[in-house]
Amino acid sequence: MHVLHDAPLAPLTTFRLGGPATRLVTATTDAEVIAAVREADDSGTPLLIIGGGSNLVIGDKGFDGTALRIATRGVELRGTTLELAAGEVWTDAVARTVEAGLAGIECLAGIPGSAGATPIQNVGAYGQEVSSTITEVTAYDRRAGETVTLTGAECAFSYRHSRFKADPERYVVLRVRFVLEDAAGLSAPVRYAETARVLGVEPGDRVPLADARETVLRLRAGKGMVLDPEDHDTWSAGSFFTNPILDEEHFAAFQDRVREHLGADAVPPAYPAGEGLTKTSAAWLIDRAGFTKGYGTGPARISTKHTLALTNRGEATTEDLLALAREVVAGVRDVFGVTLVNEPVTVGVSL
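Residues numbered from 1 in each chain as written. Predicted model: local features only at pLDDT ≥ 70, side-chain atom pairs only at ≥ 80, totals over all residues. Heavy atoms only, no water.

**Side note on the overall build of the chain**
- Helix and strand counts for the chain come out as 9 helices and 20 strands.
- Relative to the compact-globule value of 20 Å for 351 residues, the chain shows a C-alpha radius of gyration of 20 Å, a close match.
- Overall size of the chain, expressed as C-alpha extent along the three principal axes, is 60 × 50 × 40 Å.
- Residues classed as buried in the chain amount to 50% of the 351 residues present.
- Excluding contacts between residues fewer than 6 apart, the proportion of contacts in the chain whose partners are at least 24 apart in sequence is 61%.
- Just so you have it, the chain exposes about 15300 Å², and 49% of that area is on carbon and sulfur atoms.
- Charge-centre separation for the chain: the mean point of 33 positive side chains lies 1 Å from the mean point of 46 negative side chains. (Helix = DSSP H or I, 4+ residues; strand = E, 2+ residues; numbered from the N terminus. Rg over C-alpha atoms; globule rule 2.2 N^0.38 Å. Buried < 20%, exposed > 50% of the residue type's maximum accessible area, 1.4 Å probe, protein only. Contact = heavy atoms within 4.5 Å. Areas by Shrake-Rupley, 256 points an atom, 1.4 Å probe, with all protein chains shown as cover. Lys, Arg positive; Asp, Glu negative; His and termini not counted. Charge placed at Lys NZ, Arg CZ, Asp CG, Glu CD.)

Here it is as C-alpha cells:
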C-alpha cells in the first residue's frame, strides 16, 4: 500500500482536472483495499474511490479526506467465464477476450477506465451493456463490514445505473465476473445501426470479433472517445450527459417543442425504453439547441468531434467545465423543455 499526503488528483482523471486529496492511498490487493476502507470508516474520514478516473469531475478545491486508488490486478479466464480484478484496465480486458475468441463485450472496446467501474455505471456503447454478461460482482459492503457477492440480478442494472450507483457509499467493487459466448470467433449479434452500417451488415448479423472491435475503436476515435494524452479533444469523460428517457406525457410535450423550434416536419430521435417510455438523443438535443461541435471560446469546450463530450483544452479548471455544462443544460431546457443529467460523478461540486 502506497500513501501520499496533499496528493494531486487531476493526473488520475481523464479530464486532468481537480484539486488535491488530503491523503491518497494506492491499494494493489483486495486486502489492502478493504483495510483502507475500514480505516477511513472507523475514523469517520470521507472516502473517495478512484479507478481509472474516466468518470470523475473533481472540484478545484480537491477532496478533504482519503482518496483510495484501486490498482488491483488479476485476470482469470476459464472457458467462457472471465473474472477481473477491479483495477484491471478495461480496454485491455476487452482485447484479451477478443483474442480468446469470446463474444459479449467486443463493442465496449476503447472505453477508458477500470473493470471495477463497469458494473457501477452499467457501462454500455454500440449496442452492448455489461449487464448482459455480468453474472457476479464481489464487493466490500461497508455497512455490513464484510465481503459479499451479488448476482447480476441483485445488481439491479438499468440504463447507466445499478445498485452500486444508487447507494454509492455502501459498496466498493473488488472483482467482476462475466460469462461470455463462444461463437466460433464471431461477435455477438450487431445491435447498433451505425456499427452495422460501417461493417456492411444488417443489424442482428454476426461478424469476426476482431472486425467488430476494430470498427468500434475507429468509430470512437472519430468522435474523440479514445483517450490520447496528446489530443485535448479526448481530455473528457466521454459522454458527459445521459440520453433522456421520457414518459408519454413528457415525450409528447417534447415533440411539440421540437416542431415549434425546428419546423412542423422535424422528428427527434426516439427509441423504445420500456413500457410507456421513450429514449431520445442527448447529442441531438445539444446540437439542435445551438451547441455544435467545438462550441466555446474558453479553456473548456465541446469536442470538435462529438457534441456529447465536454473537454479540457489544457488550461481549464473544473469551474470552467461546469460553467460550460450548466450553459448546455440551460440551453437545452429552454429550447426543448428537457433537462439533461450528467453521466460522470461529481466530487465536491454539482451542476
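**Side note on the pattern of salt bridges**
- Applying the stated criterion across every chain, the model contains 19 salt bridges.
- A salt bridge links Arg142 to Asp41, with the shortest nitrogen-to-oxygen separation between them at 2.6 Å. Here Asp41 lies in helix H1 (residues 30–43) and Arg142 lies in the loop between strand S11 (134–141) and strand S12 (146–151), a separation of 101 residues in the sequence.
- Several salt bridges converge on common partners, so that one network encompasses Asp231, Asp233, Lys305 and Arg313. (Salt bridge = Lys/Arg side-chain N within 4 Å of Asp/Glu carboxyl O.)

**Brief notes about the packing of aromatic side chains**
- Counted under the stated rule, the structure contains 9 aromatic pairs.
- Each ring, one from Phe240 and one from Phe241, has its centre 5.0 Å from the other, and the planes form 75°; the classification is edge-to-face. For the pair Phe240 and Phe241, one class covers both residues: buried.
- On the numbers, 6.0 Å between centres and 75° between planes, the contact of Phe254 with Phe336 is edge-to-face. With Phe254 in helix H7 (residues 248–262) and Phe336 in helix H9 (residues 318–336), the pair connects residues that are 82 residues apart, well separated along the chain.
- Judged by its relative accessible area of 1%, Phe254 falls in the buried class. (Phe/Tyr/Trp six-rings, centres within 6.5 Å; stacked < 30°, edge-to-face > 60°.)

**Concerning a negative patch on the surface**
- A surface patch of like charges, here negative, comprises Asp247, Glu248, Glu249 and Glu275.
- For Glu275, the location among the structural elements is in the loop between strand S16 (271–272) and strand S17 (277–279). (Patch = residues over 30% accessible without salt bridge, like charges linked within 9 Å, V, L, I, M, F, W, Y side chains within 5 Å.)

**So, the nonpolar core**
- Of all hydrophobic cores here, the largest spans 46 residues; its most connected members are Val33, Leu68, Trp90 and Phe178.
- Looking at which element gives the most residues to this core, the answer is strand S13 (residues 171–179), with 6 residues.
- The contacts of Leu68, once residues within four sequence positions are left out, are Val25, Ala27, Val33, Ala36, Val37, Leu47, Leu48, Ile49 and Ile50. (Core = buried A, V, L, I, M, F, W, Y, C linked by side-chain atoms within 4.5 Å.)

**With respect to H9**
- The end-to-end C-alpha distance of H9, which contains 19 residues, comes to 27 Å, matching closely the 27 Å that a straight helix rising 1.5 Å per residue would cover.
- For H9, the full list of buried residues reads Thr318, Leu321, Leu322, Leu324, Ala325, Val328, Val329, Gly331, Val332, Val335 and Phe336.
- Buried residues along H9 sit against strand S4 (56–58), H7, helix H8 (282–288), strand S18 (300–302) and strand S19 (310–312). (Expected span 1.5 Å × (residues − 1).)

**Comments concerning the sheet that holds S16**
- Ordered by their spatial adjacency, 3 strands build an open sheet running S15-S17-S16, and the pairing between neighbours is antiparallel. What marks the edges here is a single partner per strand, and that holds for strand S15 (245–247) and S16.
- In the sheet, S16 pairs with S17 via 2 bridges, with the strands oriented antiparallel. Bridge pairing in S17 places Tyr271 opposite Lys279.
- Of the strands in this sheet, S15 and S17 are in contact with H7, which crosses S15 at around 105°. (Pairing = 2+ DSSP bridges. Axes fitted to C-alpha atoms, helices over the stretch in contact; angles between N-to-C directions.)

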